[in-house]
Amino acid sequence: MVGPTLFHRRKHSWPPEEFISKTTLQLLDFDSAAPPSHAWRRRLNCHANILKEFTITFREAIKMVRLGIRLWSYVREEASHGRKAPIDPFTKDNCRPSASQGVPLGGMGSGSISRGFRGEFKQWQITPGTCDPSPMMSNQFSIFISRENVHKKYASVLAPGQHGSLGKLRDKGISSWGWNLSGQHSTYHALFPRAWTVYDGEPDPELKISCRQISPFIPKNYRDSSLPAAVFVYTLVNTGKQRAKVSLVFTWANSIGGTSHMSGGHVNEPFIGEDGVSGVLLHHKTGMGNPPVTFAISACETQNVNVTVLPCFGLSEDSFFTAKDMWETMEKDGKFDQENFNSGPSMPSSPGDTICAAVSASAWVEAHGKCTVSFALSWSSPKVKFSKGSTYDRRYTKFYGTSRRAAVDLVHDALTHYKRWEEDIEAWQNPILRDDRLPEWYKFTLFNELYFLVAGGTVWIDSASLHANGNGQRQPSDLRNLDGKEQQNNLNNGDRNGIESNGLFVETSQADDEDDVGRFLYLEGVEYVMWNTYDVHFYASYALLMLFPKIELNIQRDFAKAVLSEDTRKVKFLAEGNWGIRKVRGAVPHDLGMHDPWNEMNAYNIHDTSKWKDLNPKFVLQVYRDFAATGDHQFGIDVWPAVRAAMEYMEQFDRDNDDLIENDGFPDQTYDTWTVHGVSAYCGCLWLAALQAAAAMALQVGDKFFAELCKNKFLNAKAALEAKLWNGTYLNYDSGASSNSKSIQTDQLAGQWYTASSGLPPIFEDFKIRSTLQKIFDFNVMKTRGGRMGAVNGMHPDGKVDETCMQSREIWTGVTYAAAATMILSGMEEQGFTTAEGIFTAGWSEEGFGYWFQTPEGWTMDGHYRSLIYMRPLAIWGMQWALTVPKAILDGPKINMIDRVHMSPRSRRFSHNVKVVKHKAKCFGNCKLSCSC
């Protein structure tokens, strides 16, 4: 827990007064127009450096040459079928990544669009599994200002003038616009899910402008948080002596990124909605058989604000109405023709042409007066289609239907409800932001790392569409699912055929419609395109558990079903070139798939993950943590057969009957290039923790005999692990005889992290835990650029980085956050925050490498990234969990792991103690695990 005097030390501080004049802050101090006291900040003229990607060493390349050849062949084979490979290091985007990202737009799971801190709309992820990082430079806000009796006028795009085609004087496209903003006096302030851009006298010295970007990311609001919409609220303050006519214009291309705007067949049409909301619909005809998308750009007309539209203009000289014509009209009139609302749908665009639309909102701002102008954007793509044909309805269609005109309702509700959204967001964030014990960098980084739940390729679907898959497809005949007692009876009878399942993840145990929050997917990363990668979700899941616990429980239900399933289709594993089956019964899948999630799991095919040693323990640990935190006993009953099957499956990896699992001499865990020999600290501790969690859960669901089995195994396994790995200061990397077997692994106490998070007893004595964490801090953290980069994964005891493989020498952002959380849970708060601050310094600060809102899996000692926009850094919410462990955990049942029933070696085997448990709902929060209730 954080004590009241913890942070009497240097801490980062970026007060808004250092970026904006105090006078301007006072002028904007109404209606949330001023940026918050705690936020990530940049000036708009800040240089956005090109990011540097990691490279492997010559020695690493030699080791991986066979894998590289097989992977290259696999990528080509998938491409021949019109599909992407989940991991493709050979294909690079034309748009090189830069340090220019900002807060993304919209809620979760309905496709996302990011917006850079300088105002560009980019990182298009409307189609699942695809991401186009290129900015669409025609998508802009622009301003036109004139004053009574003053000849001076101002007209500028509200983004720095850095467009590549500027200077082409005869161009009738966007280079003809006024790119006059220097950005010197304009600043960006990010506190996800909101962002503020303040123009402090730019372009008009007598006009202060604040643009507030708001998206509906609201914890435990499972309706609004699914909406593909965002609001932009402009606050205008006139400090001049004459009233000013101000016209703001929102322009948007009919495009979903890349070159999609040039494919032809796109149509724009104006609309007039209710409550003064009007604008333009842009109907986009997608390629490759993907579902269509409709954008809506709109503004809200009020007594003082007049809204007009330009339904269609083009970017080429041949256009009937060009981008230059649009700009000149606004410069001259400050608005568009009111009759444009009656123009109806445009003619479909021709291939090669780009059509755009514009919405103008004009107002008079009195001398020393203020005015508010609100815009909204929505994108309605009601169907989500995966590359092998399965089609589902997105979550928001449960409330808005599947009509393409739902975009109108979305912008209407966004413009009429955004103040309530903000109230809910502030109620959630303020207790943390106002906690003076916490360092400032942590407060806003905690929220800003949540960008991934929007920009991480999330897909959120309506449960009803799982029952009625758009193609009416049945599961392949070689995909089987066994559940509960029927599974156990079939196994006892030697039946390996199972029962055919039409949709593994359709059934739920949820009682009513309110509890049905749909099904949720998010990518491992935009470069590693696999849904709900489970070994990484282990780190990231704290965010979902704390903010959207029903989604988290549904993810665990999906994996529980998966544990009890089998898919006998053949797969070639690329690391060794051997063949195996796609999904083994009893093994937790690596992921829920790529091209057909829920139906075709394990898109990852580098290694055979049915032989990985971390996935099953991670499943048991996550399930128990979620069970304990939510107190949802029905959830525990639902998933218990899978928990027991997952534990029983692991027994095959105990080679010497000491109840401790061994690794198999290849990278058989989340560090999939880092080989492990014999017993390992990482997997061994996960196994010890899983035995505790399984014992505690077994008692709660009435399986006392299995609980005793796990307790006995825990005590034997703990003794074996300590005898083989404990060296008096920390746990050796593994029990092998390789050059790195004594390395200090940052992640060695991942199991202890979970036991402490779940209210279980520590897996080792406290002095051993603290000694290990102090060793990690002194070596992996402080010997890595003085603690200013995070914790390196592996460090030799002589203080040299372990360079066994690329992953041992990397600094993993999420693992660093996890280690920090473990330190906090162990009473080492100072070391924990210092450890995590290195990730902020290297990734988010101005002196760092520029990884804000695109935090990678990790970086090398020279700061070169691997895998941008990655899931694991959400582990920072594990730190918040450690700081505020829920009362349900603190007051929950305890388990005594010391008392045990003596068992013979044979009777200690799970496989010799088959038992079917009849579950009864019992109390959770008020009973002790040692009781017989």
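Please read all numbers here as calculations on a predicted model, not as lab measurements.

The rules behind the values
- Residues numbered from 1 in each chain as written.
- Predicted model: local features only at pLDDT ≥ 70, side-chain atom pairs only at ≥ 80, totals over all residues.
- Heavy atoms only, no water.
- Pairing = 2+ DSSP bridges.
- Helix = DSSP H or I, 4+ residues; strand = E, 2+ residues; numbered from the N terminus.
- Axes fitted to C-alpha atoms, helices over the stretch in contact; angles between N-to-C directions.
- Salt bridge = Lys/Arg side-chain N within 4 Å of Asp/Glu carboxyl O.
- Buried < 20%, exposed > 50% of the residue type's maximum accessible area, 1.4 Å probe, protein only.
- Core = buried A, V, L, I, M, F, W, Y, C linked by side-chain atoms within 4.5 Å.
- Contact = heavy atoms within 4.5 Å.
- Parallel < 35°, antiparallel > 145°, perpendicular 65-115°, else oblique.
- Left-handed = near helix turned anticlockwise from the far one by under 90°.
- Nonpolar A, V, L, I, M, F, W, Y, C, P; charged D, E, K, R; others polar.
- Lys, Arg positive; Asp, Glu negative; His and termini not counted.
- Polar contact = N/O pair within 3.5 Å; in protein donor to acceptor, adjacent residues only side chain to side chain.
- Phe/Tyr/Trp six-rings, centres within 6.5 Å; stacked < 30°, edge-to-face > 60°.

Engineer: Lay out the sheet that holds strand S15 (residues 355-365) in plain terms, naming residues and giving numbers.
Structural biologist: Pairing between the strands of a sheet comes from backbone hydrogen bonds, and it takes one of two forms, parallel or antiparallel. Reading across from one edge, S5-S4-S10-S15-S14 is the order of the five strands in this open sheet, with antiparallel pairing throughout. Edge positions in the sheet fall to strand S5 (150-157) and strand S14 (305-314), since each has one partner strand and no second. Along the sheet, successive strands turn relative to each other by an average axial angle of 15°, direction set aside. With eight bridges joining them, strand S4 (residues 140-147) and strand S10 (residues 244-253) adopt antiparallel strand pairing. Note that in S10 the partner of Ile-145 across the bridge is Val-246.

Engineer: Can you lay out the pattern of salt bridges for me, pointing to particular residues and giving the numbers?
Structural biologist: In this structure the tally under the stated criterion is 45 salt bridges. In this structure, Arg-585 engages Glu-566 in a salt bridge whose closest nitrogen and oxygen atoms are separated by 3.8 Å. Of this pair, Arg-585 sits in the loop between strand S23 (579-583) and helix H13 (615-630) while Glu-566 sits in strand S22 (residues 565-572), placing them 19 residues apart in sequence. Each member of the pair, Arg-585 together with Glu-566, is buried. Residues participating in the shared-partner salt-bridge network are Arg-194, Arg-212, Glu-422 and Glu-426.

Engineer: Describe the sheet that holds strand S29 (residues 858-859), and please don't skip the residues or the numbers.
Structural biologist: Taken together, the three strands give an open sheet; going across it, the order is S28-S29-S30, and neighbouring strands pair in antiparallel fashion. If you trace the sheet from one side to the other, it starts and ends with strand S28 (811-812) and strand S30 (865-866), each paired once. Across two bridges, the pairing between S29 and S30 is antiparallel. Across the sheet, residue Trp-859 finds its bridge partner in S30, namely Tyr-865.

Engineer: Can you break down the nonpolar core residue by residue, with the values?
Structural biologist: Among the nonpolar cores identified, the biggest contains 299 residues, and Phe-232, Phe-375, Leu-450 and Phe-619 are the most heavily contacted of them. Ranked by the residues each element gives to this core, the list is headed by helix H15 (residues 681-701), at 18 residues. Excluding its chain neighbours within four sequence positions, the residues that come into contact with Phe-619 are Tyr-534, Gln-556, Phe-559, Ala-560, Val-563, Val-588, Ala-642, Val-643 and Ala-646.

Engineer: How would you summarise the packing of helix H14 (residues 633-650) against H15 if you had to cite specific residues and measurements?
Structural biologist: Any two packed helices are characterised by how steeply their axes cross, that is the angle between the axes, and by the distance between the axes. Here H14 crosses H15 at 135°, and the two axes come no closer than 10 Å. In terms of their interaxial angle, H14 and H15 are classed as oblique. Note that H14 runs across H15; the crossing there is left-handed. Contacts between H14 and H15 involve His-633, Gly-636, Ile-637, Val-639, Trp-640, Val-643, Met-647 and Met-650 from the former and Trp-687, Ala-690, Leu-691, Ala-694, Met-697, Ala-698, Gln-700 and Val-701 from the latter.

Engineer: Give a description of the packing of H15 against helix H17 (residues 750-757) that names residues and reports values.
Structural biologist: The geometry of H15 relative to H17 is characterised by a closest axis approach of 7 Å and an angle of 25° between their N-to-C directions. One way to sum up the angle between H15 and H17 is to call them roughly parallel. When H15 is examined against H17, the residues Tyr-682, Cys-685, Leu-686, Ala-689 and Gln-692 are found in contact with a partner set consisting of Ala-750, Gly-751 and Thr-755. A class-by-class count of the residues in the contact of H15 with H17 yields five nonpolar, three polar and no charged.

Engineer: Summarise the pairing of S14; cite the residues concerned and give the values.
Structural biologist: The buried fraction of S14 amounts to eight of the 10 residues, a majority that puts the element mostly inside the structure. Of the pairings in the sheet, the one linking S14 to S15 comprises eight bridges and is antiparallel in character. Within S15, the residue paired with Val-309 across the bridge is Val-359.

Engineer: An account of helix H7 (residues 440-448) is needed here, citing residue identities and associated values.
Structural biologist: Where burial is concerned, most of H7 is hidden: nine out of the nine residues are buried. Residues of H7 that are buried include every one of Glu-440, Trp-441, Tyr-442, Lys-443, Phe-444, Thr-445, Leu-446, Phe-447 and Asn-448, and no others. Against the buried residues of H7 lie strand S1 (40-43), strand S6 (186-191), helix H6 (406-433), helix H19 (813-825), helix H20 (829-843) and helix H21 (876-883).

Engineer: Give me the lowdown on the environment of Ala-455, citing residues and values where you can.
Structural biologist: By the secondary structure assignment, Ala-455 is in helix H8 (residues 452-455). When the C-alpha positions of Ala-455 and Val-526 are compared, they lie 8.9 Å apart, and in sequence the two are 71 residues distant. Setting aside residues up to four positions removed in sequence, Ala-455 forms contacts with Pro-104, Ser-112, Ser-114, Gln-125, Val-526 and Ile-869.

Engineer: Can you explain the side chain of Arg-115? Please cite residues and give values.
Structural biologist: With respect to the helices and strands, Arg-115 occurs in strand S2 (residues 112-115). Buried within the structure, Arg-115 lacks any salt-bridge partner; Glu-120 is the closest side chain of opposite charge, at an N-O distance of 7.2 Å. Within the structure, the side chain of Arg-115 is placed 3.3 Å from the backbone oxygen of Gly-119, a separation counted as a polar contact. Every residue in contact with Arg-115, bar those within four places of it in the chain, is listed here: Gln-101, Gly-102, Val-103, Pro-104, Glu-120, Phe-121, Phe-141, Tyr-188, Cys-211, Gln-213 and Phe-232.

Engineer: Now, about unusual backbone geometry: what can you tell me, with residues and values included?
Structural biologist: Following Phe-192, the chain continues into Pro-193 via a peptide bond in cis, with omega recorded as 10°. The peptide bond linking Glu-202 to Pro-203 adopts the cis configuration, its omega dihedral lying at -5°. Inspection of the secondary structure assignment puts Pro-203 in the loop between strand S7 (194-200) and strand S8 (207-214). Positive phi values are uncommon outside glycine, yet Asp-659 reaches one of about 70°. You can see Asp-659 is positioned in the loop between H14 and strand S24 (663-664). You will see that Ile-869, though not glycine, has its phi angle at about 50°, which is positive.

Engineer: Before we move on, can you summarise the environment of Trp-179 with the specific residues and values?
Structural biologist: Checked against the element boundaries, Trp-179 lands in the loop between S5 and S6. The class of Trp-179 is buried, set by a relative accessible area of 10%.

Engineer: Outline the side chain of Arg-809, listing residues and values.
Structural biologist: Looking at where Arg-809 falls in the secondary structure, it is placed in the loop between strand S27 (794-795) and S28. By relative accessible area, which is 12% here, Arg-809 ends up buried.

Engineer: A description of the packing of aromatic side chains should follow, citing residues and the corresponding values.
Structural biologist: Within this structure, the stated rule accounts for 65 aromatic pairs. With a centroid separation of 6.1 Å and an interplanar angle of 80°, the aromatic rings of Phe-250 and Phe-375 are classed as edge-to-face. Taken together, the residues Phe-250 in strand S10 and Phe-375 in strand S16 (residues 370-380) connect sequence positions 125 residues apart. Here Phe-250 matches Phe-375 in class, with each residue buried. Relative to Phe-619, the ring of Tyr-534 lies with its centre 6.2 Å away and its plane at 50°, an arrangement referred to as tilted.

These figures come from the coordinates and say nothing about function on their own.
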